[in-house]
Amino acid sequence: MAHGIVQPQWSEKNGTVRIANEVVGIIAGLAASEVRGVAGMSGGVVDGISELLKKKSLSKGVRVEVGEKEAAVDLYVVIEYGARIPDVAIEIQENVKRAIEGMTGLKVVEVNVHIQGVQFEQEEAPPEEEEGRVT
Amino acid sequence: MRTSYRLVLIIGSLVMLALAMFFLSLLMGRDPVGLTEVITGGEEMNLYRLIGFGLFVLLFLLLFLTGLSGETSPRTVIHETEMGEVRIAFSAVESLALRAIDKIRGVKEATVSVEAESDGLRFAVEIVSSPDLNLPQLTSEIRSKLADYIHETVGIPVTGSTVTVTRVTTESRARVE
């Protein structure tokens, strides 16, 4: 089996379904981002460089370790000011676990949440007038 | 990474680079600083050898002791949950504390540092206050609000906080950012 590819249990009957680490990472990243109180994901230097070179990474701030049937996830997040950190963290863990288990069939054994910073409210810039698509 | 640790690493790496350049120059048949003479020369070169020995021993001690000490305490607060760990960076806790203190009437400027203890967090706060205030009352208010806010937001008790009033100023703070 190639490194970073997992084979879920439900794939045994009619062939092989393999899920890449990157896919599990994207699922985890999206599930974490949609939790109320999460301002965004915090990527390291590598994520920053890869973002410069290609499109915005959906698995930014996510480290995934996968085995044959289990997965462990580390999430690096920035939370919104005013949110209660333990509540947000537990909701992230539950949401990520539910999303990965529901979509891949892998058993999530650990979801570690690393709160890297707090985002304070910003004054919103006035919306730029959009140019019409046709004149 | 602490600044002193970085400094030692930078000095160490520069010395390694200098040695590499020395060997490169030997490969190219040159010895611009006359180091081979120091190595192969007679007793008159002993002073230079002694200086070289001293410098390398000093560098060794710096690197060795820095390596031994390392980061003595983790820069995160750790919560254990059923599904794993929640690690909160000290910088996040400090920025939350700073925000809570900044809102207190009478605080013009503030700096906060946090340390983890076995049963909670300990804060060191330095403030610049407005004049005509009862300072013991102000510091007591800061301690109380900080402890409540951190316990509520981060979920970890505050075991203690030291508030130091470093200056009293009459300058008015900007009302808007």
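We now turn to the structure provided with this report.

1. Some details on the overall build of chain A
Moving on, step 1. A tally of regular secondary structure across chain A gives three helices and six strands.
Moving on, step 2. Each helix and strand of chain A, ordered N terminal to C terminal, gives the series β-β-α-β-α-β-β-α-β.
Moving on, step 3. Evaluated residue by residue, chain A yields a buried proportion of 39% over its 135 residues.
Moving on, step 4. Surface summary for chain A: the accessible area is close to 8,800 Å², and the carbon and sulfur share equals 49%.

2. Re the nonpolar core
Moving on, step 1. In this structure, Leu-75 and Ile-92 of chain A together with Phe-123 and Ile-150 of chain B are the most contacted members of the largest nonpolar core, which totals 60 residues.
Moving on, step 2. The contact partners of Phe-123 of chain B, leaving out residues within four places of it in the chain, are Val-93, Ala-97, Val-112, Ser-113, Val-114, Leu-146, Ile-150, Val-158, Gly-160, Ser-161 and Thr-162 of chain B.

3. Concerning the pairing of strand S3 (residues 107–117) of chain B
All names here are of chain B.
Moving on, step 1. Pairing analysis gives 10 bridges linking S3 to strand S4 (residues 120–129), with the strands arranged antiparallel. Paired with Thr-111 across the strands is Glu-126, a residue of S4.
Moving on, step 2. A loop of two residues connects S3 with S4, the two strands running antiparallel in sequence.

4. Focus: the interface of chain A and chain B
Moving on, step 1. Taken together, the 23 residues of chain A in the interface contact 22 residues of chain B.
Moving on, step 2. Taken together, the two surfaces of chain A and chain B that pack against each other cover about 1,700 Å², and 58% of this comes from carbon and sulfur.
Moving on, step 3. Connecting chain A to chain B are one salt bridge.
Moving on, step 4. Linking chain A with chain B are 10 residue pairs in polar contact (both at pLDDT 80 or more), by the criterion used here.
Moving on, step 5. Looking at the side of chain A that touches chain B, the element that brings in the most residues is strand S6 (residues 107–119) of chain A, giving 10 residues.
Moving on, step 6. Residue composition of the side of chain A that touches chain B, grouped by class: 12 nonpolar, five polar and six charged.

5. Here's the deal with the packing of aromatic side chains
A ring pair, where both rings are aromatic, is described by two values, the distance of the centres and the angle of the planes.
Moving on, step 1. Tallied over the entire structure, the rule returns three aromatic pairs over all chains.
Moving on, step 2. Note on Phe-60 of chain B and Phe-64 of chain B: the rings are 5.4 Å apart at their centroids and 20° apart in plane angle, and the pair reads as stacked. Here Phe-64 of chain B and Phe-60 of chain B lie together in helix H3 (residues 46–69), a separation of four residues that amounts to about one turn.
Moving on, step 3. The residue whose ring lies beneath Arg-99 of chain B is Tyr-81 of chain A, and the NZ or CZ to ring-centre distance is 5.0 Å.

6. Considerations on helix H3 (residues 85–104) of chain A
Note on helix geometry: an α-helix contains 3.6 residues per turn, so any two residues three or four positions apart are oriented the same way.
Residues and elements named next belong to chain A.
Moving on, step 1. Compared with the 28 Å implied by 1.5 Å per residue over 20 residues, the 28 Å span of H3 between its first and last C-alpha is a close match.
Moving on, step 2. All buried positions along H3 are accounted for by Ile-85, Pro-86, Val-88, Ala-89, Ile-92, Gln-93, Asn-95, Val-96, Ala-99, Ile-100 and Thr-104.
Moving on, step 3. One or two positions beyond H3, positive phi appears at Gly-105, with a value near 85°.

7. As for the layout of surface pockets
Residues and elements named next belong to chain B.
Moving on, step 1. If you add up the space inside the largest pocket, you get close to 370 Å³.
Moving on, step 2. Forming the walls of the largest pocket are 14 residues, and the residues nearest its centre are Leu-19, Leu-35, Tyr-48, Gly-52 and Phe-56.
Moving on, step 3. Taken together, the elements giving at least two residues each to the lining of the largest pocket come down to helix H1 (3–27), helix H2 (35–40) and H3.
Moving on, step 4. If you tally residues by element for the lining of the largest pocket, the top one is H3, at seven residues.
Moving on, step 5. Among the residues forming the lining of the largest pocket, the class breakdown is 12 nonpolar, one polar and one charged.

8. Quick word on a nonpolar patch on the surface
All names here are of chain B.
Moving on, step 1. On the surface, Met-16, Leu-19, Phe-23, Leu-26, Leu-47, Tyr-48, Ile-51, Leu-55 and Phe-56 cluster together into a nonpolar patch covering about 910 Å² of accessible area.
Moving on, step 2. If you list the elements that add at least two residues to the nonpolar patch, you get H1 and H3.
Moving on, step 3. Relative to the assigned elements, Leu-26 resides in helix H1.

Conventions we followed
Residues numbered from 1 in each chain as written. Chains lettered and ligands numbered in written order. Predicted model: local features only at pLDDT ≥ 70, side-chain atom pairs only at ≥ 80, totals over all residues. Heavy atoms only, no water. Helix = DSSP H or I, 4+ residues; strand = E, 2+ residues; numbered from the N terminus. Buried < 20%, exposed > 50% of the residue type's maximum accessible area, 1.4 Å probe, protein only. Areas by Shrake-Rupley, 256 points an atom, 1.4 Å probe, with all protein chains shown as cover. Core = buried A, V, L, I, M, F, W, Y, C linked by side-chain atoms within 4.5 Å. Contact = heavy atoms within 4.5 Å. Pairing = 2+ DSSP bridges. Buried area = accessible area lost by both parts, 1.4 Å probe. Salt bridge = Lys/Arg side-chain N within 4 Å of Asp/Glu carboxyl O. Polar contact = N/O pair within 3.5 Å; in protein donor to acceptor, adjacent residues only side chain to side chain. Nonpolar A, V, L, I, M, F, W, Y, C, P; charged D, E, K, R; others polar. Phe/Tyr/Trp six-rings, centres within 6.5 Å; stacked < 30°, edge-to-face > 60°. Lys NZ or Arg CZ within 6 Å of the ring centre and 35° of its normal. Expected span 1.5 Å × (residues − 1). 1 Å grid on protein atoms, 1.4 Å probe; cavity = no way out; pocket = protein on both sides within 12 Å on 5 of 7 lines; lining within 4 Å. Points joined across faces, edges and corners; volume = space filled by probe spheres on them. Patch = residues over 30% accessible without salt bridge, like charges linked within 9 Å, V, L, I, M, F, W, Y side chains within 5 Å.

Interpretation in functional terms is not warranted from these geometric data alone.
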